[in-house]
Amino acid sequence: MSDHVIGQRVPKYDAGPKASGLLQYADDFTLPGMLYGKVFRAKVPAAMLLDVRTERAKQLPGVHAVLTAKDVPNNNLRARFGQSTDVGSQFEGLYRVLAEKEVRYHGEPIALVAAESPELAEQACQLIEVDLQPLPGVFDPAQAMEPDSRQVGEKPNNIASHFKIRQGDVDHGFAQADVIVEGTYRVPYQDHAYLEPESGLAWCDDDGTINIRVSSQVIEHFREVAEILKLPHSKVRYLGTWIGGGFGGKEDITVESYLALLAWKTRKPVKLTYTRAESLLYHSKRHPFLMEYKTGATKDGKLVALQARLISDCGAYSALSPWVLLYATVNACGPYQIPNVKVDSYAVMTNTAITSAFRGFGAPQANFAYESQMQKLAQALGLDPLEFRQRNYLQTGEAFATGWIYPRAIPLTELAQKAWSGLGSRGLAEGGRKLGRGLAVGMGSYGRLTFLHDTSRSYVKLELDGSAIIRCGVPDVGGGQGHILCQIVAQELGISLDRIKLHITDSQLTPLAGTTTATRQLMMSGNATLKAANELKKRLLIKAGQLLNVPMENLIISENRVEVGSEPKEGVSLVEVINRLSAEGEELFVEAQFNAPFTDIPASEVLRGQTHPDFTFGAYAVEVEVDEQTGQVQINKIIAAFDVGKALNPAIVEGQIEGGCVQGVGYALFEDMAIDHGVIQTPSFAEYLLPTAVDVPDITVILVESGSGVGPYGAKGIGEPPMVMIAPALMNAIEDAVGVRIADLPVTAEKIRMALARKREGER
Amino acid sequence: MDPISKSMITIFVNDQPVQASVGASESLLDFLRQKALATEVKCGCGRGDCGTCAVLFDGRVVKSCLVLAAQANGKRVYTIRGLAGDSLMANLQDSFVQQGAIQCGFCTPGMLMAAYNLLRIKPTPTRSEIRQGISGNLCRCTGYQKIVDAIEAVAKKIVLVPDAPDSMDLPIPAPTDQEKAKAGYLLLGGG
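## Overview of the overall build of chain B
Okay, so step 1: Along the backbone of chain B there are six helices and five strands.
Okay, so step 2: A total of 191 residues make up chain B; the buried ones form 58% of that total.
Okay, so step 3: Counting contacts in chain B only where the partners sit at least 6 residues apart, residues at least 24 apart contribute 65% of the total.

Next up, the structure:
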């Protein structure tokens, strides 16, 4: 079949409505009589919470509800983060709606207010009184691991989660090594900084159903909200909105549990939208990691041993920390063949901000460490960094350190070479600056952990006039998660895109498609939609074959017609086929389910076998200029090369790579979340600096299409992987330019200047 | 006005008079979203750092969160919806759609305003000048590249809406020589 829609740069379904300003985001919805919600939060990082007094706040005219922990029917949930299989307590954590008896972090919600105006809600918060007995905070994860550390949470010690990888014998491996390099790496918090702050609007139906219109990546949280309210799951409905950016930050529950409680209590519509400061201070962050690496290689450039210890700061509640830690652990060795491996990883609780999902999900942290190590090893061996990596890439049919034999393409040699040669000939730096080049490779998974037994469902229906309707509960964060389903239906059923209507993200009226996380929607909902469309296509072709008296194998569907492949003029309109089917009582709709590859639940903390459906591989080559006086880094060139399997819409794929790359540039160079004794000191974009348009160059994107993905048409997921390997590429380039290596991100101008000063001191 | 009292003002939003009572500290952004129901104007930060709330006010593109509603009393404000009948804005909107410059779309209304402002003052900017021109607006999804592509395509007339309306007769003063020389992000509330 010709790729008349798949593979084309067609505009997204939602692009027009967004360009016109007509598309409504969560905060754009209002209802008559609506109240405004506000969260009252702890202003200390650790304390006993002795009393909360709300009488004065409640007496303020125009205040309709002030709720504390005792008003919440079920305030302490075992958060299972959407998985439907029971995978054991190692992966579960406490989700506490409102603080009770204790405060574990600065900003922990203590009370909820609903009032007739935002100003009144704010005023009511100022009338809430709390009695606190401050406790010594635990802020350093390495210290928090010690047995005598004060216990932060509900676990028997502060280690929320622990994983291991064991392969071969590392002592034996290091004994064989000619060169061993060691390094300690620190990577920081990062805020998602989506432009749309967390927002939602909830109301109660006449039958008592709670409806929540919310900007959320996971509409399946309706189950948890129902459990908070002790309502049947069927009595809580999520109506997701088109999301103003997610990146994992709208994966955990944000405002919706508060909204549901306030709407349920007041029986009035309630809106709650965070300010930018609330968003920056109080929502989850990317995990800071401390990573100690020791890597050994022989003088012919073969890796023989890797030992690593990873410690992540999981904050005061574990949220998705166990999962993130598992991903980081699986990623700890990178896409390399290493015979002897020992990895130990820990997620440790502290009295700091909650850390959870963020694009990359543990992979960027580990990648910064292992790619820094690869660069140091290449230098120690006197080998070209590309050549050294090339001698060690995992090959198709070889096993990861977990023992999973990887069956698909790993075109890293091609990707790295294409990225590197894309830099062109080396120029000269201007204005006394120093020029440097760097490369890093890496991998990012797509699809949820295989032992979670992930599924997605999608519904496709043909209308009598030959148009089509898709219903799929997929939340769309802007990456084309909804749109691509239209492209698949248009391709398979020959219906033009402007005749397809898409319904997404309603937990009761669209088939549940699972979370828009883990770079999973193209693989999961794409395949579910393809399956539904193909079933309808079969029905159309059988009927058309009867009408045309031609075997169905000889027919193609294209542009609202069914045609004989060899004789395009001979055919029948789609409308006629549909109407014949309808008249004969055939069903013109299909709901299909796609199941991801399933594996068993890990039996212990030692990770063995397949953990993910697949990985996407990529490489970045960059050129920078560094000013030795100021430490300023200017990025001249970025070349990105990724195997995307198949680019179903190259413009969308490039957009993911360009956007993920720049978010990674922010992580590497700019985004410096200051935190002092558990209190974040950067509450605005004037302090927490994101890359702007002048901070980044044009990015050259090279798409390689191996066709080996598990998504529809052989596509791979591309949402998260571009975030993974840009930071070490930049660091390697900076070192190439000025000869200093910084082991803790972000690599700010100040750090470079100080490292250069130390270097000059040492040379003197 | 004392801080508590409210006063009645009228702002011409996309040529429609909108009358409402406002407090002394109410921003033009709040007025537009809550009183004029112009929800195409987005609030990304409310303090001038992100540019999602940019509108055309008194002949200038401004971050509406940094303008007091009372300052706009009796004046004209245009949002992207109000400018949809203008050929430059229509071409920009179409170009953003065609070039894949829109992911989550939350920055898009502000970006379109910044682009409109830039091309009005400097019709044929270089890519570097385009980047400068939108540097007061944050985007977290696209990495800016396809936004730059979209603006460049309009500047080079690569993308043109065939049935785009003629330029609107907007009450916008012609750019001054100083503005033309600067060709950057103008008076965006000093942000």
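## Here we look at the overall build of chain A
Okay, so step 1: Scanning chain A from N- to C-terminus turns up 18 helices and 30 strands.
Okay, so step 2: For 764 residues, the compact-globule formula gives about 27 Å, and the C-alpha radius of gyration of chain A, at 27 Å, lands near that figure.
Okay, so step 3: C-alpha extents for chain A along the principal axes are approximately 90 × 75 × 55 Å.
Okay, so step 4: Of all 764 residues assigned to chain A, the portion counted as buried reaches 59%.

## Some remarks on the interface of chain A and chain B
Okay, so step 1: Counting residues at the interface gives 44 residues for chain A, matched by 39 residues for chain B.
Okay, so step 2: Contributing elements (two or more residues each) for the side of chain A that touches chain B: α1 (15–20) and α16 (650–670) of chain A.
Okay, so step 3: Ranked by residues supplied to the side of chain A that touches chain B, first place goes to α16(A) with eight residues.
Okay, so step 4: Residues of the side of chain A that touches chain B, tallied by class, amount to 21 nonpolar, 14 polar and nine charged.

## Observations concerning the sheet that holds strand β24 (residues 567–573) of chain A
Whether parallel or antiparallel, the strands of a sheet pair through hydrogen bonds between backbone atoms.
All names here are of chain A.
Okay, so step 1: Ordered by their spatial adjacency, three strands build an open sheet running β22-β23-β24, and the pairing between neighbours is antiparallel. Either end of the sheet is taken by a strand with one partner, and the two such strands are β22 (555–558) and β24. Ignoring strand direction, the axes of neighbouring strands in this sheet form an average angle of 35°.
Okay, so step 2: Summarising the sheet, strand β23 (residues 561–564) and β24 pair through four bridges and their orientation is antiparallel. Within β24, the position partnered with R561 by the bridge is S573.
Okay, so step 3: Taken strand by strand, helix α14 (residues 521–548) contacts β22, β23 and β24, and its axis lies near 120° from that of β22.

## As for the nonpolar core
Residues and elements named next belong to chain A.
Okay, so step 1: Of all hydrophobic cores here, the largest spans 314 residues; its most connected members are A260, V489 and Y620.
Okay, so step 2: Per-element tally for this core: the top contributor is α14, with 11 residues.
Okay, so step 3: Apart from residues lying up to four places away in sequence, Y620 is in contact with A419, L439, A440, I638, I639, A640, M725, I726 and A729.

## Comments concerning the packing of α14(A) against helix α15 (residues 574–583) of chain A
Residue and element names in this part refer to chain A.
Okay, so step 1: Closest axis-to-axis distance for the α14/α15 pair is 9 Å, and the angle between their directions is 100°. With respect to α15, the element α14 is oriented roughly perpendicular. Taking contact as the criterion, the partners of R539, L540, K543, A544 and L547 in α14 are, on α15, V577, R580 and L581.
Okay, so step 2: Residue composition of the contact of α14 with α15, grouped by class: five nonpolar, no polar and three charged.

## What about the packing of α16(A) against helix α17 (residues 726–738) of chain A?
Residue and element names in this part refer to chain A.
Okay, so step 1: Remark: α16 packs on α17, axes separated minimally by 8 Å, with the N-to-C direction vectors making an angle of 55°. As the angle between them shows, α16 and α17 are arranged oblique. With respect to the hand of their crossing, α16 and α17 are arranged in right-handed fashion. In contact with C661, G664, V665, Y667, A668 and L669 of α16, α17 contributes I726, A727 and L730.
Okay, so step 2: Counted by class, the contact of α16 with α17 contains eight nonpolar, one polar and no charged residues.

## With respect to helix α13 (residues 483–493) of chain A
The periodicity of an α-helix, 3.6 residues per turn, causes residues three or four positions apart to be oriented the same way.
Residues and elements named next belong to chain A.
Okay, so step 1: Burial within α13 is extensive, with 11 of its 11 residues counted as buried.
Okay, so step 2: Residues of α13 that are buried: H483, I484, L485, C486, Q487, I488, V489, A490, Q491, E492 and L493.
Okay, so step 3: One or two steps after α13, the chain reaches G494, where phi turns positive at roughly 65°.

## Considerations on the sheet that holds strand β2 (residues 47–53) of chain A
Okay, so step 1: As summarised here, the arrangement of the three strands in space is β6-β2-β8 (chain A), forming an open sheet in which the pairing is antiparallel. Two strands bound the open sheet, and with one partner strand each, they are β6 (102–103) and β8 (129–134) of chain A.

## As for the pairing of strand β18 (residues 434–446) of chain A
Residues and elements named next belong to chain A.
Okay, so step 1: With 10 of its 13 residues buried, β18 lies for the most part within the structure.
Okay, so step 2: Note: β18 against strand β26 (residues 614–626), 13 bridges, orientation antiparallel. For L439, the partnering residue across the bridge sits in β26 and is A621.

## A closer look at helix α7 (residues 256–266) of chain A
All names here are of chain A.
Okay, so step 1: The buried fraction of α7 is high, at nine of 11 residues.
Okay, so step 2: Regarding α7, the residues found buried are E256, S257, Y258, L259, A260, L261, L262, A263 and W264.
Okay, so step 3: In the segment just after α7, R267 is the residue with positive phi, at about 55°.

## Considerations on the environment of H483(A)
All names here are of chain A.
Okay, so step 1: Tracing the chain through its elements places H483 in helix α13.
Okay, so step 2: What makes H483 buried here is the crowd of 22 C-beta atoms within 10 Å.
Okay, so step 3: Considered as a pair, H483 and L502 are 19 residues apart in the sequence and their alpha carbons are 8.0 Å apart.
Okay, so step 4: If we skip the residues at most four places from it in the chain, H483 touches K12, Y13 and D14.

## Some points on the pairing of strand β12 (residues 210–214) of chain A
Residue and element names in this part refer to chain A.
Okay, so step 1: Buried residues dominate β12, accounting for five of its five residues.
Okay, so step 2: Here β12 shows a buried face lined by I210, I212 and V214 and a second buried face lined by N211 and R213.
Okay, so step 3: The turn joining strand β11 (residues 199–204) and β12, which pair antiparallel and follow one another in sequence, is formed by five residues; a positive phi near 90° is taken by G208.
Okay, so step 4: Relative to strand β13 (residues 236–240), β12 is paired through five bridges, and the arrangement is parallel. Opposite N211, over in β13, you have R237 as the bridge partner.
Okay, so step 5: Each parallel crossover has a hand, and the one from β12 via helix α6 (residues 222–229) to β13 is right-handed.

## Some thoughts on the environment of D384(A)
Residue and element names in this part refer to chain A.
Okay, so step 1: Following the sequence through the fold, D384 ends up in the loop between α10 (363–381) and α11 (385–390).
Okay, so step 2: Look at D384 and you get exposed, because 12 C-beta atoms sit within 10 Å.
Okay, so step 3: For the pair D384 and T413, spaced 29 residues apart in sequence, the C-alpha separation works out to 13 Å.

## Re unusual backbone geometry
Okay, so step 1: Omega for the bond connecting L745(A) with P746(A) falls within 30 degrees of zero, at -5°, which places this linkage in the cis form.
Okay, so step 2: Looking at the secondary structure, you find P746(A) in the loop between α17 and α18 (749–763).
Okay, so step 3: For T519(A), which is not glycine, the phi dihedral falls at a positive 50°.
Okay, so step 4: Here T519(A) falls in the buried class, since 28 other C-beta atoms lie within 10 Å of it.
Okay, so step 5: The phi dihedral of D15(B) falls on the positive side, at around 70°, and the residue is not glycine.
Okay, so step 6: Relative to the helices and strands, D15(B) is located in the loop between β1 (6–13) and β2 (16–23).
Okay, so step 7: Residue classification places D15(B) among the exposed residues on the basis of 12 C-beta atoms within 10 Å.

## Some thoughts on the confidence of the model for chain B
Residues and elements named next belong to chain B.
Okay, so step 1: Of the residues in chain B, 80% have a pLDDT of 70 or more, and the chain-wide mean is 87.
Okay, so step 2: By mean pLDDT, helix α6 (residues 177–182) is the weakest element of chain B at 54, and helix α1 (residues 28–35) is the strongest at 98.
Okay, so step 3: In this model residues 182–191 is a low-confidence stretch, pLDDT under 50, and it forms 32 contacts with partners more than four residues away in sequence or in other chains.
Okay, so step 4: Overall fold confidence (pTM) sits at 0.96, and the ipTM for the predicted complex is 0.97.

## Section: the environment of G382(A)
Okay, so step 1: Secondary-structure assignment places G382(A) in the loop between α10 and α11.
Okay, so step 2: It is 49 Å that separates the C-alpha atoms of G382(A) and H483(A), two residues lying 101 residues apart in sequence.

Definitions and limits used
- The numbers attached to residues start from 1 for each chain and follow its sequence in the written order.
- In the order they appear in the text, chains get letters beginning with A and ligands get numbers beginning with 1.
- Note on the predicted model: pLDDT of at least 70 is required for a residue's local features to be given, and 80 or more for side-chain atom pairs to be given and counted; whole-chain, interface and lining totals, by contrast, use all residues.
- Numbering goes from the N terminus for both helices and strands, where a helix is a DSSP run of H or I of at least four residues and a strand is a run of E of at least two.
- Exposure classification rests on a simple neighbour count of other C-beta atoms within 10 Å of a residue's own: a residue reaching 20 or more is buried, one at 12 or fewer is exposed, and one in between is partly exposed. C-beta atoms are placed from the backbone.
- Remark: residues whose backbone-derived C-beta atoms lie within 7 Å of one another are considered to be in contact.
- The reference for a compact globule is 2.2 Å times residues^0.38; the radius of gyration itself is calculated from the C-alpha atoms.
- Amino acid classes used here: Ala, Val, Leu, Ile, Met, Phe, Trp, Tyr, Cys and Pro are nonpolar; Asp, Glu, Lys and Arg are charged; the rest, including Gly, are polar.
- When DSSP finds at least two bridges between two strands, those strands are taken to pair.
- Axis geometry follows a simple rule: fit a line to the C-alpha atoms, using only the stretch in contact for helices, then measure angles between N-to-C directions, giving values from 0 to 180 degrees.
- Only buried residues count toward a nonpolar core: Ala, Val, Leu, Ile, Met, Phe, Trp, Tyr and Cys, linked into one set through C-beta atoms within 7 Å.
- In this scheme, roughly parallel covers angles under 35 degrees and roughly antiparallel covers those over 145, while 65 to 115 is roughly perpendicular and the rest are oblique.
- A crossing counts as left-handed when the near helix is turned anticlockwise from the far one by less than a right angle, and as right-handed when that turn is clockwise.
- Handedness rule for crossovers: strands pointing away from the viewer, path from the first strand over the helix to the second running clockwise, crossover right-handed.
- Every residue carries a pLDDT, the predictor's confidence in it, which falls somewhere between 0 and 100.

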